[in-house]
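Working through the structure, step by step
Given next are the chains, with one letter for each unit.
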There are 2 protein chains.
Amino acid sequence: MSTTESAAEQAASEFDRDTSLRRVGPQVFEAQISDGWSTIGAVHGGYLKAIAGRALAAALPHPDPFTVTAHYLAATQPGPAVIRTSVARVGKTHSTGSASLFQAGPDGTEVERLRVLGTYGDLSALSGEVRTTAVPPELPPYERCVGMEHAPEGFAQVTLRHRMAARLDPAVVGWALGEPSGRGETRGWFAFADGRDADPIALLLVGDALPPTAFDLGMPGWSPTVELTTHVRARPAPGPLRVAVTTRNLAGGYLEEDAEIWDGADRLVAQSRQLALAPRG
Amino acid sequence: MSTTESAAEQAASEFDRDTSLRRVGPQVFEAQISDGWSTIGAVHGGYLKAIAGRALAAALPHPDPFTVTAHYLAATQPGPAVIRTSVARVGKTHSTGSASLFQAGPDGTEVERLRVLGTYGDLSALSGEVRTTAVPPELPPYERCVGMEHAPEGFAQVTLRHRMAARLDPAVVGWALGEPSGRGETRGWFAFADGRDADPIALLLVGDALPPTAFDLGMPGWSPTVELTTHVRARPAPGPLRVAVTTRNLAGGYLEEDAEIWDGADRLVAQSRQLALAPRG
C-alpha cells in the first residue's frame, strides 16, 4: 500500500469515499453518512465506528487504532454529521482521545449519536515474539462459502451487502433455513465488495460485519449494539480475512459477541467484543 | 444488601472508604487515591477504574455499570485527584458518559491519568432467559487455594494484597516456583480482605485482580494495562467470586487478557478484556 497507485485505488474505494472527512476546525470534522451501509433498520455500527476512528486518527499523531471502544447512543441517520474530538494524552508510543458524532435532531439541535474512546499507535513499529494459543478458524475456501446474495427474504433493505462481500461457512448458515445450531457461532470470510483491502481503520468495522450470532441461537431480529471494542494487533495482509464470532453468554436480555479476525498470513490481526441487546423476537 | 446494617458495613469497608468521592461541582468529584492498592510500582488499574466508575454512577441516573472502558494514560500517584464527568446521553434503559481522572503534575498543572467511557443501567430491572454456553472454572475450594501470603519475594510492595484476598488454584501457580505452564492462564477466587461482598462497581476491579497471565507465559515483570473493558451482566451473590483469566495472543509486544467472573450462584456476573503491554522481561 505504499505505491501511489495503491493510494489512488484506495481513494476511489467505496469505504474510503464513504468514511471521508472534512476538517472544519482544529479537532472538528464533517462527514456524510452514506445510505449504502445499512443493516435492518439502522446504519451499520461498524461503519460508524470506522468514521469516528478515522477522525481520531486525524486528531492524534499516531496513525493506527490499537484499542477503540464505541458506545452507541441513538440511531444515526444517513446524511451530514459532525465529529468533535478531544485529545486526552499524546505520548511517544501511544496517544489517546475521544470522538463524538453528532447529527441535527428533529428540532435542529445537535444530538450525540456515538461516543468513542481510543488509543492509537504505530503498528509498523511493533516487533517481537509471538506466543499465541489462538488458532485460525477452519473455513472452506472463499469460493465455497455462502454469499449474502443467498440471504433470506427480508434482507433486501440490508444495503451493506452491496459494500461487503462477506461469505459464511455453510456449516453455520442453518439459521437461514430455519435450523439454527443453538451454539451461538458464526464464521466466514470478509472482503469489501469493490476489492479494497482491509487496513487497520477498516478492521474497526470487520468485527461487526457478519450476521448476528443471535440468529444461530434461533433469535432472528435486530441485536442493537450497546458497545463495541476492537483491539487491532497487526496490519492485515492483502486479501480476504477470516472472521470467527462466538457468544458465550446470553442473559438478562443482553449478549456479548467475541470476534477474532485473521489475515491470509495466519495472523490474529484483531479481536473485538461487543455488548448487544438480545433480539426481542 | 438492602438492610441498614449491610449498608453500614459497606460504608465501613476498605473499598468503600478508598473509593469514596466528594462532589465539588455539578459533574465534578474529588477523590483521595489510597496507597493501599498498589501493585509493583503502580496504583492498581482496577482500583482506579472503580473510582472513576463510581463517579460515573453518581453523574448518571442509572446505578449500575453495564459496560465500562478505561484507558490508562499516565501513572496515577497516591494522593488527591479530581474526576470530571461528561454525560453523553440519558435514556430510559441506559445512560452513557465519560469520566476523566486528573492529578496535579510536577509543575502544578492538571494531568489526565485515566479516561473512562461507560454505559450504565439497572441490573435489578433485567430478567429473561439465560442461554449460556460458558461454564464456570473448576477450582478447588477457597480454603485449598493459594493466598498471596505465599507470594514470592518482591511482592512485599504489592500493598493491595492486604486489601484483596485473592487465592489461586494451585494448578496455575507454577510460575511462582519458576515453572510457568506457558499456556497463559490463571484462575482463582477473589474476595476483599475485610469480607465486603463485591457489588457491580467492585466488579470493575475484579477482572484485573489476579496476577498477570504473562507470569504463566514465563514473563515476570509488570504488564501495564493500556485499556480495560468490563461488562457487568448480573449483581453478584454474596461470597467469594471465581475468576478465570486467559491470554490467547501475545504479539508485537502486547497481549490481551480475558477474564470471566462467576458468583456462588453459578452466574457469569462479568466479562472483562484488557490490552496490556507485555513485560519487557
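**Observations regarding the relation of the copies chain A and chain B**
Superposing chain A onto chain B takes a rotation of 180° combined with a translation of 0.0 Å along the rotation axis, leaving an RMSD of 0.0 Å. As the rotation angle and translation indicate, the two copies are arranged about a two-fold axis. Looking at the interface residues of chain A, 100% of them are also at the interface in chain B, so both copies use one shared face.

**With respect to helix α3 (residues 45–59) of chain B**
Helical geometry: 3.6 residues make up each α-helical turn, so side chains three or four residues apart lie on a common side. Helix length check: α3(B), at 15 residues, gives a terminal C-alpha distance of 21 Å against a target of 21 Å (1.5 Å per residue), a fit within 8%. Taken across its 15 residues, α3(B) has 13 buried, putting it largely inside the fold.

**Comments concerning the interface of chain A and chain B**
Residue-level contacts link 57 residues of chain A with 57 residues of chain B. Regarding the contact of chain A and chain B, the summed buried area is about 4800 Å², with carbon and sulfur atoms giving 50% of it. At the junction of chain A and chain B, the tally comes to 4 salt bridges. Between A:Asp258 and B:Arg273 there is a salt bridge; the shortest N-O distance is 3.1 Å. Across the chain A-chain B interface, the total number found is 35 residue pairs in polar contact (both at pLDDT 80 or more). When residues in the side of chain A that touches chain B are grouped by element, the largest group, 7 residues, is from strand β17 (residues 268–277) of chain A. In terms of residue class, the side of chain A that touches chain B is made up of 20 nonpolar, 24 polar and 13 charged. Pairing of strand β9 (residues 131–132) of chain A with strand β15 (residues 249–251) of chain B involves 2 bridges; the strand directions are antiparallel.

**Considering the side chain of A:Glu257**
Residues and elements named next belong to chain A. Structurally, the position occupied by Glu257 is in strand β16 (residues 254–262). Within the buried core, Glu257 has no salt-bridge partner, and the shortest N-O distance to an opposite charge, that of Arg273, equals 10 Å. In this structure the side chain of Glu257 is engaged in a polar contact, spanning 2.9 Å, whose partner is the backbone nitrogen of Thr213. Excluding its chain neighbours within four sequence positions, the residues that come into contact with Glu257 are Pro212, Thr213, Ala214, Val245, Thr246, Thr247, Ser272, Arg273 and Gln274.

**What about the environment of A:Trp37?**
All names here are of chain A. Tracing the backbone shows Trp37 in the loop between β2 (28–33) and β3 (38–39). Put simply, Trp37 and Gly105 are 68 residues apart on the chain and 21 Å apart in space, counted from C-alpha to C-alpha. For Trp37, the side chain forms a polar contact with the side chain of Asp18, separated by 2.7 Å.

**Re the packing of aromatic side chains**
Residue and element names in this part refer to chain A. Enumeration according to the criterion identifies 16 aromatic pairs over all chains in this entry. Ring centres 6.2 Å apart and planes at 80° place the aromatic pair Tyr142 and Trp189 in the edge-to-face group. Taken together, the residues span a long stretch of sequence, with Tyr142 in the loop between β9 and β10 (146–147) and Trp189 in strand β12 (residues 185–190) at a distance of 47 residues. Of the two residues, Tyr142 and Trp189, neither departs from the other in class, the shared state being buried.

**Quick look at the environment of B:Ala259**
Residues and elements named next belong to chain B. With respect to the element layout, Ala259 can be found in strand β16 (residues 254–262). In this structure Ala259 comes out as buried when scored by relative accessible area, which is 2%. When the C-alpha positions of Ala259 and Pro224 are compared, they lie 16 Å apart, and in sequence the two are 35 residues distant. Contacts of Ala259, omitting those with residues within four sequence positions, involve Gly207, Val243, Ala244, Val245, Ala270, Gln271 and Ser272.

**Here we look at the side chain of A:His94**
Its place among the elements puts A:His94 in the loop between β6 (79–90) and β7 (95–104). On the basis of relative accessible area, A:His94 is assigned to the buried category, the value being 12%. Not counting residues up to four positions away in its chain, the partners in contact with A:His94 are A:His62, A:Phe66, A:Arg89, A:Thr119, A:Tyr120, B:Val226, B:Tyr254 and B:Leu277.

**A look at the confidence of the model for chain A**
Residues and elements named next belong to chain A. Here chain A shows a mean pLDDT of 91. Residues at 70 or above account for 93%. Low pLDDT (under 50) marks residues 1–5, which in the prediction has 3 contacts with non-local residues, meaning those over four places away or in another chain. This prediction of the complex comes with two scores: 0.94 for pTM and 0.94 for ipTM.

**With respect to the pairing of strand β5 (residues 64–72) of chain A**
All names here are of chain A. In terms of burial, β5 is largely enclosed, as 9 of its 9 residues are buried. Sheet topology places β5 next to strand β8 (residues 110–121); 8 bridges connect them, and they run antiparallel. Note that in β8 the partner of Thr67 across the bridge is Thr119. Across 5 bridges, β5 lies against strand β13 (residues 225–232) in antiparallel orientation. Looking at the pairing, Thr67 lines up with His231 of β13.

Quick notes on the rules
Residues numbered from 1 in each chain as written. Chains lettered and ligands numbered in written order. Predicted model: local features only at pLDDT ≥ 70, side-chain atom pairs only at ≥ 80, totals over all residues. Heavy atoms only, no water. Least-squares fit on C-alpha atoms with pLDDT ≥ 70 in both. Contact = heavy atoms within 4.5 Å. Helix = DSSP H or I, 4+ residues; strand = E, 2+ residues; numbered from the N terminus. Expected span 1.5 Å × (residues − 1). Buried < 20%, exposed > 50% of the residue type's maximum accessible area, 1.4 Å probe, protein only. Buried area = accessible area lost by both parts, 1.4 Å probe. Salt bridge = Lys/Arg side-chain N within 4 Å of Asp/Glu carboxyl O. Polar contact = N/O pair within 3.5 Å; in protein donor to acceptor, adjacent residues only side chain to side chain. Nonpolar A, V, L, I, M, F, W, Y, C, P; charged D, E, K, R; others polar. Pairing = 2+ DSSP bridges. Lys, Arg positive; Asp, Glu negative; His and termini not counted. Phe/Tyr/Trp six-rings, centres within 6.5 Å; stacked < 30°, edge-to-face > 60°. pLDDT = per-residue confidence, 0-100.

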